[in-house]
Amino acid sequence: MPPPAATTTTTGSFPNKALHARLLRNGALNADPSAAAPLAASAANSSLPYALSLLQAHPTTFSYNTTIRSLAHGPSPHLAVALYRSMLLNPLSNPNNYTYPPLLAACARLLAARSPKPAAPGTAVHASLFRRGLDSRDRFISASLLSFYAAAGDLPAARQVFDRSPPNQRDLPLWNSLLHAYLSQGLYTQVLHLSRQMPAADEVTLLALVSACAHLGALDTGRWAHAYYARTRRSTTRNLGTALLNMYMRCGDVESAWSVFRETLDKDVRTWSVMIAGLAVNGLPRDALDLFAEMKSIGMDPDSITMTAVLSACAHAGMVDEGKGFLGCMPVEYRLQPTIEHYGCVVDLLGRAGKLEEALALIKSVPFEADVVLWGALLVACRVHKNVHIGQMAAREILKLDPRHAGACVFLSNVYAADGKWDLVQEVRNSMKEHRIFKPPGSSIVELDGVVYEFLSGDHSHPQSDRIYAMLDEVCKTVSLKGHKPSTKQVTFDIDEEDKEVCLSQHSEKLALALGLISTKRGAVIRIVKNLRICEDCHSVMKIVSEVYDRVIVVRDRNRFHHFKNGSCSCLDYW
DNA sequence: CTAGGGTTAG
């Protein structure tokens, strides 16, 4: 239960009134006006007028600073900025180095939920402290300035704060702020690179590093971070434990995730949710549902995200009735109102099961405005089940909401092409050209000996490129001997003018696979992370390679994992 | 004189 909200903002009811009176009576406030500081700070978020009257009566820098700090961490951070303005107007109080860190934290919090982001207060504060000569003088100010620019999405400015800070001032929190700035911008390889330059690492450092590894699928580096942590700690704290098991799951290493899960103390709902979601996408949806049952049996309440993981498990297991049941019982049993994400999971669930009419009916019945994600789930199902009629409807709905949606354009154009309606194909193509729509280029990441390599389709940038392409040639011959025919169905017309088969044979995940094959010993697991969905051709090549070369290959694509082993895949060819 | 920075996972 949340604490009861303050019921009044009048000065009369403030509980510290008695203390205030005593301080006045015994003359303490006269002797030291800063004695009002704790009173004003503790009143700021519940009885602001009272706090302001205290500050007016006893205006000291110290009192303003503590009150700004209190407001900065309270429910209305903009009041911290407002109070700073009134501080500037009061000649008896001058901002000092203690004023700025909480003020900048308040400015950063103002950015969190807004778009477009109002960066103006923060940059004004920066200008203000710069005029006072406090720029680059104080490591606390540097760290909070850096965090503010990170929150504003201005990485160059954040980096500049770091670069301009004197080297002897670059302590661990400042490095950690920089790390999190890169992390928040999605620059994961730079996070790995930066962390290697750090003089030391603490838990916050490792959280950023492990999180970056999770995004990249960089298992070796993630394992290194885990070992580094385990050297100095007896048990795993909840937050790092959750980050670690998420990392193992997102690298497809389910066993290690289980062991971290078992040794993590004080698991919270996030810990459980990450584990359930990880099992669901790693081909173990039944285990995910068993774990959910265990979670409930120990009295841990699921939250909205747990339920997304549970519904995703049902979808991956093909458990239509169970999934619908969970969605239906959410409001009653867990007091959770289904969100559009939950409906999306069930549309996905119905869609995979081929129940396209029912999925369509569900979309029409949701109590929200259906979004691109919802229609997109249906569109994917229509592509898999080759339902042109509903697919066209979904694609048109998507294009109404987002005329630049590449998937919908490609679907429509493929439908028209299959039907021989070339004039309509041309129309879609022209529209795509006009809107400058393109599918993001496919890229794959493979990590070898702790170094992350990224490949684009047809990439020649790797120093061992010749050997990679030689290996790729061998793989192509091997799989065709096994009866594999290149499946060009999924090659979309708009990639380029190259021959489709050549294009297909140089998909980024195949290049990553080839590098994995030449750089690791027989029997070693090859782990690849792909930014898009794996294509049908690559999927069947991976299956054959896993058998012929006796390899376990784990591919993480946009939505799930494919564990290839002995010629088959954990996704059961359904993705 | 007093006090202050980084906090992640789905």
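Residues numbered from 1 in each chain as written. Chains lettered and ligands numbered in written order. Predicted model: local features only at pLDDT ≥ 70, side-chain atom pairs only at ≥ 80, totals over all residues. Heavy atoms only, no water.

**Some details on the pairing of strand β3 (residues 526-530)**
Link 1 in the chain: Across the five residues of β3, five count as buried, placing the element largely inside the fold.
Link 2 in the chain: The pairing of strand β1 (residues 443-448) with β3 spans three bridges and is classified as antiparallel. Bridge assignment links valine 446 to a residue of β3, and that residue is isoleucine 528.
Link 3 in the chain: Bridge analysis of β3 against strand β4 (residues 553-556) gives four bridges, and the strand direction is parallel. Of the residues in β4, the one forming a bridge with arginine 527 is valine 554.
Link 4 in the chain: In this fold, the crossover linking β3 to β4 by way of helix α30 (residues 536-548) has right-handed handedness. (Buried < 20%, exposed > 50% of the residue type's maximum accessible area, 1.4 Å probe, protein only. Helix = DSSP H or I, 4+ residues; strand = E, 2+ residues; numbered from the N terminus. Pairing = 2+ DSSP bridges. Right-handed = clockwise from strand over helix to strand, strands pointing away.)

**So, the sheet that holds strand β2 (residues 451-456)**
Link 1 in the chain: Pairing in this open sheet of six strands is mixed, and the strands run β2-β1-β3-β4-β5-β6 from one edge to the other. Looking at which strands have only one partner, the edges of the open sheet turn out to be β2 and β6 (568-569).
Link 2 in the chain: The pairing of β4 with strand β5 (residues 561-565) spans four bridges and is classified as antiparallel. Looking across to β5, one finds that valine 554 is bridged to histidine 563.
Link 3 in the chain: Along the sheet, helix α29 (residues 508-519) contacts β1, β2, β3 and β4; its crossing angle with β1, the most-contacted strand, is approximately 15°.
Link 4 in the chain: The strands that α30 touches are β3, β4, β5 and β6; relative to β5, the one it contacts most, it runs at about 35°. (Contact = heavy atoms within 4.5 Å. Axes fitted to C-alpha atoms, helices over the stretch in contact; angles between N-to-C directions.)

**Observations concerning the protein's contact with DNA strand B**
Link 1 in the chain: What surrounds DNA strand B is a group of 34 residues, the closest being Asn176, Asp202, Leu207, Arg270 and Ile305.
Link 2 in the chain: Here serine 34 contributes a side-chain N or O atom positioned 3.4 Å from a base oxygen of DNA strand B.
Link 3 in the chain: In the model, a sugar or linking oxygen of DNA strand B is placed 3.3 Å from a nitrogen or oxygen of the serine 177 side chain.
Link 4 in the chain: Split into classes, the residues belonging to the surface near DNA strand B amount to eleven nonpolar, 15 polar and eight charged. (Near = heavy atom within 4 Å. Polar contact = N/O pair within 3.5 Å; in protein donor to acceptor, adjacent residues only side chain to side chain. Nonpolar A, V, L, I, M, F, W, Y, C, P; charged D, E, K, R; others polar.)

**Section: the nonpolar core**
Link 1 in the chain: The biggest cluster of nonpolar side chains holds 145 residues, and the ones touching the most others in it are Tyr100, Met247, Phe326 and Leu378.
Link 2 in the chain: One finds Leu448, Val479, Ala512 and Ile534 within the second-largest nonpolar core, a separate group that totals 32 residues. (Core = buried A, V, L, I, M, F, W, Y, C linked by side-chain atoms within 4.5 Å.)

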